[in-house]
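Each chain is listed here by its residues.
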Amino acid sequence: MTRAVDYDLVAPAYDKRYERNRYDGVLAVFRRFVGESARVDAAEVGCGTGHWLAELHGSVRTAAGLDRSAEMLQRARTAAPYAHIVRGRAEQLPWAEGRFDRLFCINALHHFDDPDAFMREAHRVLRPAGALMIVGLDPHPRLDSWWIYDYFPAAREADLVRYMATALIREKLQAAGFVESMTEIAQHIPAAAVPFAIAVDRGLVDRHATSQLTVLSDAEYEDGLQRLRAEQPILRADLRLYATFARAA
């Protein structure tokens, strides 16, 4: 059984991912999704530390963010002081019906207890013709290679459970009342070679560096770590992030 991720513990180091990786592709898709009218009300579900909320500044009429973690939200309020930040659950959004034009969640859907309930709630709080964007991994096609999957095989198995295939996301969106759903690759993160010693210095193998490591049992994490220490490999990754869009009917 995998562990639940305690983001109150993860929060202090969470933003290091944005220092290690450029998310230019996701940013471009995000900006296209939000648009440039400045007359849009937008919200992020699973806003974390507010990294993406901060990108809304000046491009929307109002912004809101929701997350379950108090520690993450404390940082979000600093990153996006103009946004209305609330603590809550994706399955029971605290906003009125038809409140937003745009709703998005980036690398968060796999943490929601009930994705179906979230999608129904997302449809409820969107205005007619409002739009939803969901960004995340899809390990099901097995196109990705990642040193984490190589040295911590339980992480791949956990991701196959945690992450829905994009086709299933579109199917569930339709069931929740959305129309015109589509998926595209938001970002291809090509192979990056990092020697193990440098990866350790950068904190890449720390338990809280990514949820793929956090959800492992202590034994699974230690087994993989021992293999890494023994082999001292060059760590490589070749990943894809997918963006799925849908319109509220």
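Computed from a predicted model, the values in this text were never measured in an experiment.

A. Summary view of the state of the cysteines. Overall, the coordinates contain zero disulfides when judged by the stated rule. Of all cysteine sulfurs, the one in Cys-105 lies closest to Cys-47, which takes part in no disulfide; the gap is 12 Å. Here Cys-47 falls in the buried class, since its relative accessible area comes to 4%.

B. The pattern of salt bridges, seen in detail. If you walk through the whole model with that rule in mind, you get 18 salt bridges. A salt bridge links Arg-127 to Asp-101; the shortest N-O distance between them is 2.8 Å. Taken together, the residues Arg-127 in strand E5 (residues 126-136) and Asp-101 in strand E4 (residues 100-106) connect sequence positions 26 residues apart. Here Arg-127 falls in the partly exposed class, since its relative accessible area comes to 24%. Of the charged contacts, one joins Asp-159 and Arg-162 as a salt bridge, the two residues approaching to 2.9 Å between their closest N and O atoms. Residue Asp-159 and its partner Arg-162 are both found in helix H8 (residues 153-162); the two are separated by three residues, about one turn of the helix. Relative accessible area serves as the criterion here: at 0%, Asp-159 is assigned to the buried category. Overlapping salt bridges, with partners in common, bring together Asp-41, Arg-61, Arg-99, Asp-101 and Arg-127 in one network.

C. Spotlight on helix H12 (residues 218-231). Between the first and last C-alpha of H12 there are 20 Å, a value that for 14 residues agrees with the 20 Å anticipated at 1.5 Å per step. For H12, the set of buried residues is Tyr-221, Gly-224, Leu-225 and Leu-228. What you see down the axis of H12 is that its buried residues fit within an arc of 100°, all on one side. Exposed side of H12, more than 90 degrees from the buried face: Gln-226 and Ala-230 are the residues found there. Phi turns positive one or two residues past the end of H12, at Gln-232, with a value near 50°.

D. Structural view of the side chain of Asp-138. Inspection of the secondary structure puts Asp-138 in the loop between E5 and strand E6 (145-146). Despite its burial, Asp-138 pairs with no opposite charge, the nearest such side chain being Arg-170 at 7.1 Å. Among the polar contacts made by the side chain of Asp-138, one reaches the main-chain amide nitrogen of His-140 at a distance of 3.1 Å. Within polar-contact distance, the side chain of Asp-138 engages the backbone nitrogen of Thr-166 at 3.1 Å. Excluding residues within four positions of it along the chain, Asp-138 makes contact with Asp-144, Met-164, Ala-165, Thr-166 and Tyr-242.

E. Representation of the pairing of strand E2 (residues 62-67) within the structure. Burial runs high along E2: five of the six residues are buried. Pairing geometry for E2 and strand E3 (residues 84-87), over four bridges, is parallel. The partner of Asp-67 across the bridge, within E3, is Arg-87.

F. Region of interest: the packing of aromatic side chains. Applying the stated criterion across every chain yields a total of ten aromatic pairs. Considering the side-chain rings of Trp-95 and Phe-100, the 5.0 Å spacing of their centres and the 80° angle between planes classify their relative orientation as edge-to-face. For Trp-95, a relative accessible area of 9% translates into the label buried. Using a relative accessible area of 1% as the deciding quantity, one classes Phe-100 as buried. With a centroid separation of 5.2 Å and an interplanar angle of 70°, the aromatic rings of Trp-146 and Tyr-149 are classed as edge-to-face. Accessibility classification places Trp-146 together with Tyr-149 in one group, the buried group. Over the face of the ring belonging to Phe-33 we find Arg-102, whose NZ or CZ atom lies 5.7 Å from the ring centre.

What counts as what
- Residues numbered from 1 in each chain as written.
- Predicted model: local features only at pLDDT ≥ 70, side-chain atom pairs only at ≥ 80, totals over all residues.
- Heavy atoms only, no water.
- Disulfide = S-S within 2.5 Å.
- Buried < 20%, exposed > 50% of the residue type's maximum accessible area, 1.4 Å probe, protein only.
- Salt bridge = Lys/Arg side-chain N within 4 Å of Asp/Glu carboxyl O.
- Helix = DSSP H or I, 4+ residues; strand = E, 2+ residues; numbered from the N terminus.
- Expected span 1.5 Å × (residues − 1).
- Arc of directions from axis to C-beta.
- Lys, Arg positive; Asp, Glu negative; His and termini not counted.
- Polar contact = N/O pair within 3.5 Å; in protein donor to acceptor, adjacent residues only side chain to side chain.
- Contact = heavy atoms within 4.5 Å.
- Pairing = 2+ DSSP bridges.
- Phe/Tyr/Trp six-rings, centres within 6.5 Å; stacked < 30°, edge-to-face > 60°.
- Lys NZ or Arg CZ within 6 Å of the ring centre and 35° of its normal.

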